[in-house]
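Residue-level structure breakdown
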Amino acid sequence: MGADDNDEGRAASGPGHEVGEASLHAPVLPVSLVEGRSALVGELVVRRTLPTRGRRMVGAWCFADHMGPQSLDPGRSIDIAPHPHIGLQTVTWLFSGEFLHRDSLGSEQLIRPGQLNLMTAGHGVAHAEESPGRSSGVLHGVQLWVAQPNATREGESRFEHVAELPRVDLANAVATVVVGDFGGVRSPARRDTEHVALELDLHGGATDVSLRANHEYALIVVAGEVLVDGVIAASGQLAFIEAGRDEIRLSARDGARAMLIGGVPFDERVFMWWNFVARTKEEIADAWLAWASGAERFAAVASRFARIDVAPPPWVLPTK
Ligand code: MN
C-alpha cells in the first residue's frame, strides 16, 4: 500500500512531551479531530488519516489508509504491483473482501476478514497485493504502518499471517485485539515497540474502553459515527486522544465500526518518503537506488504484475 503515494519527503518527530506521574493527575486533554484526505493507491480509493500535517504519528503508527468499501468486480483493478518497503511493518486488516499477498520472502497468503497479515520490512522487502482474481464482493479494510525502532529496523524481513485474533466483550461492543494486548488477552503478532491496535464493533450505546496512561491513541472510524468525549468522529476522520488517560467513553447511536490504535509516543525522529520509513535522506536515497537498480536488497516477487518504479527522491536529482 502507499505505492502511488509519491509525496515529497516528510518528516515526523515524536511528540516532545513526557508523560510522567504528575500528568496522570493533570486535567484531561480534549480529543482533537484530524481530517484525512483521499488518495489513490493504484485504482483503489483510500482515505489517509496518517500522516497529515496536523498529526504525523500515533505511538509508532506512522501511516493509516482506510480502503474502500469498493467493488471487487473483475473489471475494476485493485491490484498493487510489486514495490519495496524498509523500516516498517505493514498491518493489513479487512472488514470484507479478500486480498492476496505475495512477497520477496516467497510468501503467498490470502487474507480474509478477521485475519491479520503482518509484514516486517526491516532492511528491505518487496511485496504485491492482488485481487484474488475471482468475485469476492466488496473490499473494505485498513492498511496501517508501524515504524520500526532503531533496534530492529535494519534487521531481517519477515511475514506472518494470523488466522484468528482474540476478542474481548465490552458493554455494547466487541473488541478484536489485532496487535498488542488489551483486556487481558494478547495478539500473537510480532511487536517491536509498545503499541496496540483494536477493531471496535460498536453495537450502539456507550462503551467505556480502558486506556494506558503512557499511550497516546487515535480512533479511526470506518463506518458510522462515534461520539468521542463530546467530539463526533466520522469515516475519514481520526480522533486523536492525548496520553495521560486511563479510559475513554465511546458512543455510537446506530452502531459503528472503528480502529483504535495507540502506543508509547515514538521517541526517534522518523523520515518517510514513498514506501520507505527511515531516519535520513541518505538512507532513503540508498533504498531508492537499490530498488531502481534491481539490487539484491529487494528480491523478486512472484507476481504477474510489473514492478512499480518511481522517479528518484527530489534531493537525489542532479542540480544542473
Ligand atoms: Mn506495500
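A few points on the structure.

Conventions used here
Residues numbered from 1 in each chain as written. Predicted model: local features only at pLDDT ≥ 70, side-chain atom pairs only at ≥ 80, totals over all residues. Heavy atoms only, no water. Pairing = 2+ DSSP bridges. Helix = DSSP H or I, 4+ residues; strand = E, 2+ residues; numbered from the N terminus. Axes fitted to C-alpha atoms, helices over the stretch in contact; angles between N-to-C directions. Buried < 20%, exposed > 50% of the residue type's maximum accessible area, 1.4 Å probe, protein only. Polar contact = N/O pair within 3.5 Å; in protein donor to acceptor, adjacent residues only side chain to side chain. Salt bridge = Lys/Arg side-chain N within 4 Å of Asp/Glu carboxyl O. Expected span 1.5 Å × (residues − 1). Contact = heavy atoms within 4.5 Å.

**Quick word on the sheet that holds strand 24 (residues 247-252)**
Taken together, the four strands give an open sheet; going across it, the order is 19-24-21-22, and neighbouring strands pair in antiparallel fashion. Each of the sheet's edge strands pairs with one partner strand only, and the pair in question is strand 19 (205-210) and strand 22 (231-234). The mean angle between the axes of side-by-side strands here comes to 30°, regardless of whether they run parallel or antiparallel. Two elements, strand 21 (residues 225-228) and strand 24, share two bridges in a ladder whose sense is antiparallel. From the neighbouring strand, L227 faces strand 24, where its bridge partner is S251.

**A few points about the sheet that holds strand 11 (residues 125-130)**
Taken in spatial order, the four strands of this open sheet run 6-11-8-9, and their pairing is antiparallel. Each edge of the open sheet is held by one strand with a lone partner, namely strand 6 (80-85) and strand 9 (108-111). Across the sheet, the mean angle from the axis of one strand to that of its neighbour is 25°, orientation sign disregarded. Two elements, strand 6 and strand 11, share four bridges in a ladder whose sense is antiparallel. Paired with H85 across the strands is V125, a residue of strand 11.

**Focus: unusual backbone geometry**
A cis amide bond links L50 to the next residue, P51, at an omega of -15°. With respect to the secondary-structure elements, P51 resides in the loop between strand 4 (44-50) and strand 5 (61-71). Here the residue pair G68 and P69 is connected by a cis peptide bond, since its omega of 5° sits within 30 degrees of zero. Mapping P69 onto the fold places it in strand 5. A positive phi angle, close to 65°, is found at N172, a residue other than glycine. In this model, W274 sits at a positive phi of 50°, which is unusual for a non-glycine residue. By the element assignment, W274 lies in the loop between strand 26 (270-273) and strand 27 (276-278).

**What about the side chain of Q70?**
Within the element layout of this structure, Q70 appears in strand 5. Q70 gets classed as buried once you look at its relative accessible area, which sits at 6%. Among the polar contacts listed, one links the side chain of Q70 to the backbone nitrogen of V45, at a separation of 3.1 Å.

**Points about the pattern of salt bridges**
Inspection of every chain in the model, using the stated rule, returns 17 salt bridges. Measuring nitrogen to oxygen at the nearest pair gives 3.4 Å for the salt bridge that ties E130 to R304. Here E130 is found in strand 11, whereas its partner R304 is found in the segment after helix 1 (281-292), with 174 residues between them in sequence. Given a relative accessible area of 60%, R304 falls into the exposed group. A network of salt bridges, in which partner residues are shared, links R102, E108, E130 and R304.

**Overview of helix 1**
A rise of 1.5 Å per residue sets the reference length of helix 1, with its twelve residues, at 16 Å; its end C-alpha atoms lie 16 Å apart and thus fit the reference within 8%. All of the buried residues in helix 1 are I284, A285, A287, W288, A290 and W291. Turning to helix 1, the residues buried within the fold contact strand 6, strand 11, strand 26 and strand 27. Once helix 1 finishes, G294 follows within two positions and takes phi at roughly 70°, a positive value.

**Some remarks on the environment of F266**
Structurally, F266 is set in the loop between strand 25 (256-263) and strand 26. On the basis of relative accessible area, F266 is assigned to the buried category, the value being 5%.

**A look at the environment of L170**
Tracing the sequence through the fold places L170 in strand 14 (residues 167-170). Taking the C-alpha atoms as reference, L170 lies 9.5 Å from L200; in sequence the two are 30 residues apart. Ignoring sequence-local partners within four residues, the contact set of L170 consists of A175, F182, L200, T207 and V209.

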